[in-house]
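Reading the structure
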Amino acid sequence: MTDRSVTAPGRGTIARRSPFVHGVLDAFAVAQRGLIALRRVPQYLVFSTIQPVIFVLMFRYVFGGAIGDVNGVPYVDYLMPGIFVQTTTFGSMGTAIGLANDVNSGLLERFRSLPMARSAVMTGRTLSDLVRNVFVVILMVTVGFMVGFRIHTGLLGLLGGMGLVMLFGYALSWVFASVGLLARDPETAQAAAFPLMAPLVFASSVFVPVLTMPGWLQPFAQHQPVSVTATAVRALVLGGDTIGVNTTTSVLTALAWIAGILIVFAPISVRLYRRAV
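Residues numbered from 1 in each chain as written. Predicted model: local features only at pLDDT ≥ 70, side-chain atom pairs only at ≥ 80, totals over all residues. Heavy atoms only, no water.

1. What to know about the packing of aromatic side chains
Applying the stated criterion to the full structure yields 11 aromatic pairs. Here Phe59 and Phe207 contribute two aromatic rings whose centre-to-centre distance is 4.2 Å and whose plane-to-plane angle is 5 degrees, an arrangement assigned as stacked. Here Phe207 lies in the loop between α8 (186–202) and α9 (218–223) and Phe59 lies in helix α2 (residues 42–67), a separation of 148 residues in the sequence. Here Phe59 and Phe207 have matching classes, each one buried. Ring centres of Phe145 and Phe149 lie 5.7 Å apart, and the angle between their planes is 20 degrees; on these two criteria the pair is classed as stacked. The class for Phe145 is partly exposed, based on a relative accessible area of 32%. Over the aromatic face of Tyr78 sits the side chain of Arg234, whose NZ or CZ is 3.7 Å from the ring centroid. (Phe/Tyr/Trp six-rings, centres within 6.5 Å; stacked < 30°, edge-to-face > 60°. Helix = DSSP H or I, 4+ residues; strand = E, 2+ residues; numbered from the N terminus. Buried < 20%, exposed > 50% of the residue type's maximum accessible area, 1.4 Å probe, protein only. Lys NZ or Arg CZ within 6 Å of the ring centre and 35° of its normal.)

2. A closer look at α8
Helical periodicity: at 3.6 residues per turn, an α-helix aligns residues three or four positions apart in one direction. The end-to-end C-alpha distance of α8, which contains 17 residues, comes to 24 Å, matching closely the 24 Å that a straight helix rising 1.5 Å per residue would cover. Largest kink in α8: about 30 degrees, centred on Phe194, with the proline Pro195 one to four residues after it. Within the sequence span of α8, burial applies to Pro186, Ala189, Ala193, Met197, Ala198, Leu200 and Val201. Next to the buried residues of α8 lie α3 (75–91), α4 (93–105), α7 (155–183), α9 and α10 (225–238). Sitting at the amino-terminal end of α8 is Asp185, which places a side-chain oxygen 3.2 Å from the backbone nitrogen of Glu187. (Expected span 1.5 Å × (residues − 1). Bend = angle between axes of the 7 residues up to and from the residue. Contact = heavy atoms within 4.5 Å. Polar contact = N/O pair within 3.5 Å; in protein donor to acceptor, adjacent residues only side chain to side chain.)

3. What about the packing of α7 against α10?
Look at α7 against α10: their axes get within 7 Å of each other, and the N-to-C directions meet at 165 degrees. Overall, the two elements α7 and α10 adopt an arrangement that is roughly antiparallel. Viewed along their axes, α7 and α10 form a crossing whose handedness is right-handed. The residues of α10 that touch α7, namely those facing Gly157, Leu158, Gly160, Gly161, Met162, Leu164, Val165 and Phe168, are Pro225, Val226, Thr229, Ala232, Val233, Leu236 and Val237. Grouping the amino acids of the contact of α7 with α10 by side-chain chemistry returns 11 nonpolar, four polar and no charged. (Axes fitted to C-alpha atoms, helices over the stretch in contact; angles between N-to-C directions. Parallel < 35°, antiparallel > 145°, perpendicular 65-115°, else oblique. Left-handed = near helix turned anticlockwise from the far one by under 90°. Nonpolar A, V, L, I, M, F, W, Y, C, P; charged D, E, K, R; others polar.)

Remember, this is a structural readout, not a statement about activity or role.
Right, dumping it as structure tokens:
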């Protein structure tokens, strides 16, 4: 798509940005707004990090002694990759609550009155949540090292695992953006998001191996996206041979889930946004 130009009185010809560039800049502006709001309300960031830290301490020191090693891997090493995925999954619920609050306050109507791309509001919101997830996951890695977590594959494996966690959290943000736009109220959005999120987190391999679950639950727990992503992250940071999986296959399966979620829910969220305003 080529740029068009317009003629301004007394100023000659002025280049007009293409719709794509205009949309990208609008998305970054909305993302910047979200980050500024986060800076002005640091309590939200603080409380969003307390919960995953509590999960780490609880499972490391309360349940860890009862669970012991998992297939020869220290439980803390098995646990932390799952905690990284669980943290971004819980964090994506903030997208639903934030968008529902924007709808309820009339902010989206004000956005609509501006000459900006319709998709920029959704993209910018999910980008700001992605930046927040980066900070939270860095904190969780630090906490993990403090409680005994160790990498078995090296720095590249850790970076690859964290990148996969970020992509998964970004994809889930679009899912919960749809929930927030449907709910149109922060309390309703939170109430609607938790029943969707809880089975994905707790009926998964985040905290315990799937083989310890009842037989009827194992097919769902094994193949749902949270378990698939947690397995891929473990393969990257612990080694596929260590946990009995193929690293390449695990990562590709997780990426397929991420791509599928984005393909389905990004257009749904944009359409719901257009209807909401």
